[in-house]
Amino acid sequence: VGPKLLQYVLKVLVQSVQLLYTLLRIDQPSYILLQNPPGLPSIAVAWVAGLWWGSKLILDWHNYGYTILSLSHGRSHPLVLIAKWYEKLFGRLSDYNLCVTDAMKKDLWVNFKIKAVTLYDKPASYFKETPLELQHNLYMKLAQAYQPFKPRAGSPSADRSAFTWRDSSSGSVQRARGRPALLVSSTSWTEDEDFSVLLRALEDYERFIKEGAKLPALVCVITGKGPLKDYYNGLIQNLHFKHIQICTPWLEAEDYPLLLGSADLGVCLHKSSSGLDLPMKVVDMFGCCLPVCAIHFECLHELVKHNENGLIFRDSKELAEQLKMLFLDFPTLGGKLHSFRENLRASRQLSWDQSWAQTVLPLL
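Everything numeric here is computed off the predicted structure, so don't read it as measured data.

Asks: Just to check I follow, could you spell out the overall build of the protein for this structure?
Replies: Within the protein one finds 13 helices and 12 strands. Against the globule reference of 21 Å for 364 residues, the protein gives a C-alpha radius of gyration of 23 Å, in line with a compact fold. With respect to the three principal axes, the spread of C-alpha positions in the protein is 70 × 45 × 35 Å. Relative to its full complement of 364 residues, the protein shows a buried share of 49%. Of the roughly 18,600 Å² that the protein leaves accessible, carbon and sulfur atoms contribute 56%. Looking at charge distribution, the protein has the averaged site of its 39 positive side-chain charges lying 1 Å from that of its 35 negative ones.

Below, the structure written as structure tokens:
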């Protein structure tokens with residue numbers, strides 16, 4: 001109850017007490033590792049707990065909390081200015097600092113006088129290409145709830161999806177002839193991702209097909225949940241596509257990596273609030289050797305190499321042209337889409353465990 005500002009202050013005070021109480025009841029730690037954001041009030045509380053225990057505090061900077069707050073309040077709002085002062089002050093009290101890009105490492109030093117070590121996010125081991133048999137099982141499971149995964153009219157079968165079918169005599173799984181392309185995006189449906197960019201690009205893609213371009217039908221799956229999901233679902237329902245189907249499922253945790261490993265192309269609309277962090281969804285897609293089209297922001301080049309493992313676009317028109325170029329004469333193995341996937345297979349990134357051992361373990 002009461003004004004928003006009062007609610008926020010009370011929330012911070014209550015969380016501070018709860019978190020400090022919890023931290024002081026655990027066994028004495030040598031290190032406290034804290035991801036920021038969210039850092040208010042956890043940075044200050046973890047620092048106090050570290051003083052109590054004699055522990056070292058490691059801050060893992062994934063973004064700045066004050067820039068996320070500024071998305072809804074504006075850069076000059078008093079709350080945003082207080083949050084920035086807080087992060088700057090208490091961030092300096094940490095013993096070690098990790099960050100997710102070289103751009104953030106530079107910014108932390110220039111603006112906060114904080115020395116950090118870059119630790120790039122890496123995909124978990126279960127993000128990998130999905131074998132055709134498991135793809136079929138996933139499609140059949142999703143077809144029970146989502147129309148785009150059901151076989152097209154005229155090809156009903158007890159063991160057939162829009163993408164695959166099982167040969168009843170041999171038991172082997174085959175890709176469906178004339179299958180649609182599978183485009184995947186994931187989101188938390190918040191202000192830092194403008195999905196109208198993708199919807200406008202899909203409108204252009206539909207027009208390309210009507211004008212005679214040899215492009216496949218498209219199934220667009222947007223996973224996740226969040227505050228703006230109902231808003232965008234309303235926009236999607238007002239679109240009347242003939243060659244494109246869109247669904248917005250909430251997947252079980254074990255099905256998400258299987259979907260990424262089955263898709264033909266990933267799309268990322270994440271725009272960093274600070275311009276200094278990288279989208280984890282692209283890291284996971286690359287773990288599945290899934291090429292990506294990603295919207296441009298300042299340090300994205302540290303992850304997406306344009307024309308090597310994916311493409312970077314700036315607006316819906318550019319994205320539409322990229323979709324047209326990548327899916328022309330689909331599903332032949334020639335072309336950019338195939339070469340991007342081959343480049344991802346050949347890149348052999350460090351695993352999360354190897355990256356941690358090389359970068360963080362020496363600090364400890």
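After that view, the rundown keeps rolling.
Asks: Just to check I follow, could you spell out the environment of Gly 261 for this structure?
Replies: By the element assignment, Gly 261 lies in the loop between helix H9 (255–260) and strand E10 (265–268). According to the relative accessible area criterion, Gly 261 is buried, its value standing at 6%. Along the backbone, Gly 261 and Gly 178 are 83 residues apart, and their C-alpha atoms lie at a distance of 20 Å. Other than its neighbours up to four places away in sequence, Gly 261 contacts Lys 128, Glu 129, Thr 130, Gln 135 and Cys 288.

Asks: Whenever I open this one, helix H5 (residues 102–112) confuses me. Can you help?
Replies: What H5 keeps buried is the set Met 104, Asp 107, Leu 108 and Phe 112. Buried positions in H5, seen along its axis, are confined to an arc of 105° and lie on one side of it. Residues of H5 that are buried make contact with strand E2 (56–61), helix H3 (65–73), helix H4 (78–91) and strand E3 (96–99). Just downstream of H5 lies Lys 113, where phi reads positive at about 55°.

Asks: Looking at this model, I keep getting lost on the packing of aromatic side chains. Mind explaining?
Replies: Each pair of aromatic rings is reported with the distance of its centres and the angle of its planes. Under the counting rule described, the total for this entry stands at 18 aromatic pairs. With centroids separated by 6.1 Å and ring planes inclined at 80°, the aromatic side chains of Phe 127 and Tyr 256 adopt a geometry described as edge-to-face. A residue pair is termed long-range when its members are at least 10 positions apart, and Phe 127 in the loop between strand E4 (117–118) and helix H6 (132–143) and Tyr 256 in helix H9 qualify at 129 residues. With 6.4 Å between their ring centres and 85° between their planes, Tyr 205 and Phe 327 make a pair best called edge-to-face. You can see Tyr 205 sitting in helix H7 (residues 196–210) and its partner Phe 327 sitting in helix H11 (residues 316–327), a full 122 residues away along the chain. The class of Tyr 205 is buried, set by a relative accessible area of 0%.

Asks: Explanation requested: the domain arrangement of the protein in the structure shown.
Replies: Reports of interface size often rely on the accessible area that becomes lost once the parts have come together. By domain assignment, the protein separates into domain 1 (1–122) and domain 2 (132–346). The distance between the C-alpha centroids of domain 1 and domain 2 comes to 35 Å. Each side of the interface is counted separately: domain 1 has 16 residues, and domain 2 has 11 residues. Counting the surface lost from both domain 1 and domain 2, the interface buries some 1,100 Å², and carbon and sulfur atoms represent 62% of this. Viewed at the interface, domain 2 and domain 1 are joined by zero salt bridges. Counting every contact that joins domain 1 to domain 2 gives eight residue pairs in polar contact (both at pLDDT 80 or more). Every element with two or more residues in the side of domain 1 that touches domain 2 is listed here: H3 and H5. Among the elements that make up the side of domain 1 that touches domain 2, the one with the highest residue count is H5 (four residues). In the side of domain 1 that touches domain 2, the residues fall into seven nonpolar, four polar and five charged.

Asks: Looking at this model, I keep getting lost on the UniProt feature "domain: Glycosyl transferase family" (unreviewed entry) in the protein. Mind explaining?
Replies: Using the residue numbers shown here, the UniProt feature "domain: Glycosyl transferase family" (unreviewed entry) corresponds to residues 179–329. Between the C-alpha atoms that bound residues 179–329 the distance is 12 Å, and the span itself is 33% helix and 19% strand.

Asks: Before we go on, may I ask you to explain the environment of Arg 200 in this structure?
Replies: Looking at the element boundaries, Arg 200 is found in helix H7. Arg 200 gets classed as partly exposed once you look at its relative accessible area, which sits at 39%. Put simply, Arg 200 and Met 285 are 85 residues apart on the chain and 23 Å apart in space, counted from C-alpha to C-alpha.

Asks: Is there a simple way to think about a nonpolar patch on the surface in this case?
Replies: Together, Leu 5, Leu 6, Val 9, Leu 10 and Leu 13 line one region of the surface with nonpolar side chains, adding up to about 450 Å² of accessible area. Here Leu 10 lies in helix H1 (residues 4–25).

Asks: Where do I start with the sheet that holds strand E7 (residues 181–186) in this structure?
Replies: By way of backbone hydrogen bonds, the strands of a sheet pair with one another, either parallel or antiparallel. Strand order in the open sheet made by the six strands is E9-E8-E7-E10-E11-E12, with parallel pairing throughout. Whereas interior strands pair on both sides, the edge strands pair on one side only; in this sheet they are strand E9 (244–247) and strand E12 (310–313). Within the sheet, the average angular offset between the axes of one strand and its neighbour, ignoring direction, is 20°. Along the sheet, helix H10 (residues 280–287) contacts E7, E10 and strand E11 (292–295); its crossing angle with E10, the most-contacted strand, is approximately 170°.

Asks: Looking at this model, I keep getting lost on the environment of Val 14. Mind explaining?
Replies: Topologically, Val 14 is positioned in helix H1. Along the primary structure Val 14 and Pro 41 are separated by 27 residues, whereas in three dimensions their C-alpha atoms are 9.8 Å apart.

Asks: Please explain the packing of H1 against helix H2 (residues 42–53) as it appears in this structure.
Replies: In helix packing, the relevant descriptors are the interaxial angle and the interaxial distance, both defined with respect to the helix axes. Where H1 contacts H2, the two axes come as close as 10 Å, and the packing angle between them is 30°. The angle between the axes of H1 and H2 places the two elements in the roughly parallel class. Classified by chirality, the crossing of H2 by H1 is right-handed. Within the contact between the two elements, H1 uses Ser 16, Leu 19, Leu 20, Leu 23 and Leu 24 and H2 uses Ser 42, Val 45, Ala 46, Val 48, Ala 49, Trp 52 and Trp 53. Considered class by class, the residues forming the contact of H1 with H2 number 10 nonpolar, two polar and no charged.

Here is what the cut-offs are and how they apply
Residues numbered from 1 in each chain as written. Predicted model: local features only at pLDDT ≥ 70, side-chain atom pairs only at ≥ 80, totals over all residues. Heavy atoms only, no water. Helix = DSSP H or I, 4+ residues; strand = E, 2+ residues; numbered from the N terminus. Rg over C-alpha atoms; globule rule 2.2 N^0.38 Å. Buried < 20%, exposed > 50% of the residue type's maximum accessible area, 1.4 Å probe, protein only. Areas by Shrake-Rupley, 256 points an atom, 1.4 Å probe, with all protein chains shown as cover. Lys, Arg positive; Asp, Glu negative; His and termini not counted. Charge placed at Lys NZ, Arg CZ, Asp CG, Glu CD. Contact = heavy atoms within 4.5 Å. Arc of directions from axis to C-beta. Phe/Tyr/Trp six-rings, centres within 6.5 Å; stacked < 30°, edge-to-face > 60°. Domains from an automatic or database assignment. Buried area = accessible area lost by both parts, 1.4 Å probe. Salt bridge = Lys/Arg side-chain N within 4 Å of Asp/Glu carboxyl O. Polar contact = N/O pair within 3.5 Å; in protein donor to acceptor, adjacent residues only side chain to side chain. Nonpolar A, V, L, I, M, F, W, Y, C, P; charged D, E, K, R; others polar. UniProt positions renumbered as here; feature names shortened; annotations may be inferred. Patch = residues over 30% accessible without salt bridge, like charges linked within 9 Å, V, L, I, M, F, W, Y side chains within 5 Å. Pairing = 2+ DSSP bridges. Axes fitted to C-alpha atoms, helices over the stretch in contact; angles between N-to-C directions. Parallel < 35°, antiparallel > 145°, perpendicular 65-115°, else oblique. Left-handed = near helix turned anticlockwise from the far one by under 90°.

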